[in-house]
Amino acid sequence: MAGEEYARIHSWGNDPRRKGDYELASPCEPFDLPQTILEPVLVRHAALKGFKCRFDSTLVSLFSDSKTGLITANIHDKMTNKEYQIQTRHLFGADGARSEVVKQLNLPLVVQPGQGIAINVLVKADLSHLVKNRTGNLHWVMQPDREHPDFGWMGIVRMVKPWNEWMFILFPDRNYDRSQGKPSKDAYQKRVQEFIGDDTPAEILDISTWYINEIVAEKYSEGNIFCLGDAVHRHPPLNGLGSNTCIQDAFNLAWKVAYVHKGLASPSLLSTYSIERQPVGHSIITRANQAYRDHFLVWKALGMLPTDLSARKEILEELKSATPEGSNRRRALRAAIKHTSHEFHGLGVEMNQHYDGQGVYTADEPNPYAPSRRAAEDRILFHEPNTYPGSRLPHVWLNKAIPGEPISTVDIAGHGSFVLLSGIGGGRWKKAAKNVAETLKVPIQVHYIGFRQDWEDVYFEWENLRGVEESGAVLVRPDRFVAWRAPEVLKDTEACESKLLTVMRSILGFLDV
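Cut-offs and rules
- Residues numbered from 1 in each chain as written.
- Predicted model: local features only at pLDDT ≥ 70, side-chain atom pairs only at ≥ 80, totals over all residues.
- Heavy atoms only, no water.
- Helix = DSSP H or I, 4+ residues; strand = E, 2+ residues; numbered from the N terminus.
- Buried < 20%, exposed > 50% of the residue type's maximum accessible area, 1.4 Å probe, protein only.
- Contact = heavy atoms within 4.5 Å.
- Areas by Shrake-Rupley, 256 points an atom, 1.4 Å probe, with all protein chains shown as cover.
- Phe/Tyr/Trp six-rings, centres within 6.5 Å; stacked < 30°, edge-to-face > 60°.
- Pairing = 2+ DSSP bridges.
- Axes fitted to C-alpha atoms, helices over the stretch in contact; angles between N-to-C directions.
- Core = buried A, V, L, I, M, F, W, Y, C linked by side-chain atoms within 4.5 Å.
- Domains from an automatic or database assignment.
- Parallel < 35°, antiparallel > 145°, perpendicular 65-115°, else oblique.
- UniProt positions renumbered as here; feature names shortened; annotations may be inferred.
- 1 Å grid on protein atoms, 1.4 Å probe; cavity = no way out; pocket = protein on both sides within 12 Å on 5 of 7 lines; lining within 4 Å.
- Points joined across faces, edges and corners; volume = space filled by probe spheres on them.
- Nonpolar A, V, L, I, M, F, W, Y, C, P; charged D, E, K, R; others polar.
- Polar contact = N/O pair within 3.5 Å; in protein donor to acceptor, adjacent residues only side chain to side chain.
- Expected span 1.5 Å × (residues − 1).
- Arc of directions from axis to C-beta.

A word on the overall build of the protein
Tallying secondary structure elements over the protein gives 16 helices and 20 strands in all. Across its three principal axes, the protein shows a C-alpha extent of roughly 80 × 60 × 40 Å. The buried share among the 513 residues of the protein stands at 48%. A separation of at least 24 residues holds for 68% of the contacts in the protein among residues at least 6 apart in sequence. Approximately 26400 Å² of the protein is accessible, and the part contributed by carbon and sulfur atoms is 53%.

Digging into the packing of aromatic side chains
The full count for this structure, using the stated rule, is 19 aromatic pairs. Ring centres of W255 and F418 lie 5.7 Å apart, and the angle between their planes is 85 degrees; on these two criteria the pair is classed as edge-to-face. In this pair, W255 sits in helix α6 (residues 242-261) while F418 sits in strand β17 (residues 418-422), placing the two residues 163 residues apart along the sequence. The pair W255 / F418 is uniform in exposure class, with both members buried. For the pair F296 and W299, a centre-to-centre distance of 4.5 Å together with 55 degrees between the ring planes defines the contact as tilted.

Thoughts on the sheet that holds strand β18 (residues 444-448)
Read from one edge of the open sheet, 4 strands run β18-β17-β19-β20, paired in mixed fashion. Lying at the two open borders of the sheet, with one neighbouring strand each, are β18 and β20 (482-486). The mean inter-strand angle of the sheet, taken between neighbouring strand axes irrespective of direction, is 20 degrees. Across 3 bridges, the pairing between β17 and strand β19 (residues 473-476) is antiparallel. The partner of L421 across the bridge, within β19, is V474.

Re the nonpolar core
Membership of the largest hydrophobic core comes to 55 residues, with the highest contact counts inside it found for F418, W429, L475, W484 and M504. The greatest single-element share of this core, amounting to 6 residues, is contributed by helix α14 (residues 428-440). Excluding residues that lie within four positions of it along the chain, W484 makes contacts with Y361, D364, P389, W429, A473, V474, L475, K499, L500 and V503.

A closer look at unusual backbone geometry
In this model, P162 is joined to W163 through a cis peptide bond whose omega is -10 degrees. Residue placement: W163 occurs in the loop between β8 (154-161) and β9 (165-171). Residue W12 is not a glycine yet carries a positive backbone phi of 45 degrees. Mapped onto the secondary structure, W12 falls in the segment before α1 (19-25).

Notes on the domain arrangement of the protein
In terms of domain boundaries, the protein breaks down into domain 1 (112-213) and domain 2 (373-508). Spacing between the C-alpha centres of domain 1 and domain 2 amounts to 48 Å.

Points about the packing of helix α8 (residues 309-320) against helix α9 (residues 324-339)
Two elements in contact, α8 and α9, have axes whose closest approach is 7 Å; the angle formed by their N-to-C orientations is 95 degrees. Classified by the angle their axes make, α8 and α9 are roughly perpendicular. Note on element contacts: α9 touches α8 through E325, G326, R329, R330 and L333, opposite I315, E318, L319 and K320.

Topic: the UniProt feature "domain: FAD-binding" (unreviewed entry) in the protein
As recorded in UniProt, the sites labelled "domain: FAD-binding" (unreviewed entry) are residues 13-287. Secondary structure over residues 13-287 splits into 29% helix and 27% strand, and the C-alpha atoms at its two ends are 18 Å apart.

With respect to the layout of surface pockets
The computed volume of the second largest pocket comes to approximately 1300 Å³. Lining the second largest pocket are 42 residues, and of these E4, E5, Y6, A7 and W140 sit closest to its centre. Contributing elements (two or more residues each) for the lining of the second largest pocket: α4 (128-131), β7 (138-141), α5 (185-196), α7 (271-302) and α8. A per-element tally of the lining of the second largest pocket places α8 first, with 5 residues. Grouping the constituent residues of the lining of the second largest pocket by class yields 20 nonpolar, 12 polar and 10 charged.

Considering the packing of α6 against α7
For the pair α6 and α7, interaxial distance at closest approach is 10 Å and the crossing angle is 175 degrees. On the basis of their axis angle, the class for α6 and α7 is roughly antiparallel. Residues T245, Q248, D249, N252, L253 and K256 of α6 form the contact with α7, whose participating residues are T272, Y273, E276, R277 and I284. The class makeup of the residues in the contact of α6 with α7 is 3 nonpolar, 4 polar and 4 charged.

Points about the environment of R89
On the secondary structure map, R89 appears in the loop between β3 (82-88) and β4 (91-93). Exposure remark for R89: the relative accessible area of 47% places this residue in the partly exposed category. Linking R89 and G281, residues 192 residues apart in sequence, is a C-alpha distance of 25 Å. Leaving out residues up to four positions away in the same chain, R89 has contacts with T68, G69, L70, I71 and N224. At a separation of 3.4 Å, a polar atom in the side chain of R89 contacts the main-chain carbonyl oxygen of T68.

Topic: α8
The terminal C-alpha atoms of α8 lie 17 Å apart, and with 12 residues this matches the ideal 16 Å at 1.5 Å per residue to within 8%. Residues of α8 that are buried: L309, R312, I315, L316 and L319. For α8, the buried positions fall inside an angular range of 125 degrees around the axis, keeping them on one side. Buried residues along α8 sit in contact with α7 and α9.

This is the structure:
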């Protein structure tokens, strides 16, 4: 951290050439929030909402009774050393990469060859003087010109709290043999100090080991037992897709369970959770591991791969030389660094999730879904917002004719309700939605966007993205994914109501189409 810098790359919307892409994708700015800070906030929120949070508890076994529909979970309280039972209609296995729920359900897993282990060393150290002139929240530290311990070949120094708490993620080399015993705390302390590079005091707070997995479950649920998060998709933290993907799993599932629980949807709606989210999980574990593999090109260019120290030093000297070999090596380094943009600016893999199946209605679409424009060129780097059913509702800033506080299309949608968006000439949709909502007992809100409508299309962005005529309709699910769209208003209110009723019944599982 105190040594020479080999290269740097913008990340997560900070590249001036990509900043606009991130601003257009969401009303929210990217936020780097460590799990250790987020979890207490979530626990407090849950407790205030009446949920009981029990720590030091372990699932021992579970049993699903097909006659009563009840699931019984046997729990071991490690503090009191007692067991107790919980009965429920729905059980959610969000119990991490060592998921006991996945094991007990025997959910089939797709397991690719692992890429070894990594060691997290949580460190308290004030490194503000070192990042003053190279501000960054993630630093790859490599020392090809030095010997290294087997357990700490190279590492990532990851900011946890600016700038006095850091995660040192150590990657062992190919010769590391865990059976020979764990490194001592003094050995870890020495490696941490070597990675810092000066005499800054450093206190080790915690040490943990994890596997660089490439694992995804083939399905996420069995009956009324649903697994989500790291339980069903396990991968390294590259691309920063972990917590985001876990939260998306929950957001996809929550409204469906709520609707089924209230009798607003058929239990068949719950089958769409695995259908929609499993392909996302598969793409995430593939991308995160590919991001890790992409760094091999960087390591190769810098001479990190030879086991012999003199060979590594020779490569490092070649990198500085005014020779054809030196020029080729520098070119290879630049190309390798640039290629990591798929990790550090992978807006597409974050935002391009697309759902198929019963949970969306595509019978009125003349063509199958296909990525467009830049997303067609590179679905990892680029996000192209659209309203094709199964896509995320695009973010567009809206306001009133007499401007007030701007609001995003994302924020007028959701909140436990279906939302229908239309515009000038689409007046029949409101009456149709009211009647369908009363028939199905399902909330449907209607908003009109356009000139002197409920909401003004301030920058004419909705006009460019809505994918339908002014009088058409875009129906949005409670999780803010597009459920269906109509190119224009139908001939009368009865036709609009009939169509909307068919669409809603299909999505909620009350109609086979």
